[in-house]
Amino acid sequence: NIQQQQDDRLYQALKDLICDAVKASSDSSIQHYSVHQTIIKRSEQFRFLVDEQQANFSIINKGEKIFSDMDGEVEAPTKLYGLFFNSNVPIGHRAGILLIPSNKD
């Protein structure tokens, strides 16, 4: 029956998709990250000192100045990766995230 054949093909396609996704998630070549710091805009003086238009997961090298706010400039203590930089958020909101590579354990 045609409906049964279509159902079987759909089932097999979904099974293949799920199995491939599970296989990919256990792939050791995938880089995993942990949050090093959430950047909170604390004042109107907040400014990124890196290009906030850079692509997500762009490298920020150790010692590079990342942002400044009421407590001064903040620099990377180690190699970090930037995510979702946006200085146009209200005070008290997240302006970005700094990531570090991590083990998936």
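Keep in mind that what you see is a predicted model, and the values were worked out from it rather than measured. (Residues numbered from 1 in each chain as written. Predicted model: local features only at pLDDT ≥ 70, side-chain atom pairs only at ≥ 80, totals over all residues. Heavy atoms only, no water.)

**Q** Can you tell me about the pairing of strand β6 (residues 80-83), naming the residues and giving the values?
**A** Of the two faces of β6, the one holding L80 and G82 and the one holding Y81 and L83 are both buried throughout. Bridge count between strand β3 (residues 58-60) and β6: three bridges; the pairing is antiparallel. Residue pairing in the sheet places I59 in a bridge with Y81 of β6. (Buried < 20%, exposed > 50% of the residue type's maximum accessible area, 1.4 Å probe, protein only. Helix = DSSP H or I, 4+ residues; strand = E, 2+ residues; numbered from the N terminus. Pairing = 2+ DSSP bridges.)

**Q** For the sheet that holds strand β7 (residues 94-102), give the residues involved together with the corresponding values.
**A** The four strands are arranged β1-β7-β6-β3 in an open sheet whose pairing can be described as antiparallel. Taken across any chain shown, the strands that pair with only one partner, and hence form the sheet edges, are β1 (32-40) and β3. Across the sheet, the mean angle from the axis of one strand to that of its neighbour is 40 degrees, orientation sign disregarded. (Axes fitted to C-alpha atoms, helices over the stretch in contact; angles between N-to-C directions.)

**Q** Can you explain the packing of aromatic side chains? Please cite residues and give values.
**A** All chains considered together, the criterion is met by five aromatic pairs. Aromatic side chains F48 and F85 sit 4.6 Å apart centroid to centroid with 20 degrees between the ring planes, which places their arrangement in the stacked category. Within this pair, whereas F48 is found in strand β2 (residues 47-48), its partner F85 is found in the loop between β6 and β7, the two being separated by 37 residues in sequence. A relative accessible area of 11% places F85 in the buried class. Site record: aromatic cluster; members linked through ring pairs are F46, F48, F67 and F85. (Phe/Tyr/Trp six-rings, centres within 6.5 Å; stacked < 30°, edge-to-face > 60°.)

**Q** Give me the nonpolar core: which residues, what numbers.
**A** Among soluble globular proteins, nonpolar side chains are generally buried collectively. Counting residues in hydrophobic clusters, the biggest one holds 13 residues, and the most contacted among them are I39, F48, I60, I66, F85 and L98. Listed by contribution, the elements that provide at least two residues to this core are β4 (65-69) and β7. Residues in contact with L98, not counting those within four places in the same chain, are S34, V35, H36, Q37, I39, I60, I66, L80, Y81 and F85. (Core = buried A, V, L, I, M, F, W, Y, C linked by side-chain atoms within 4.5 Å. Contact = heavy atoms within 4.5 Å.)

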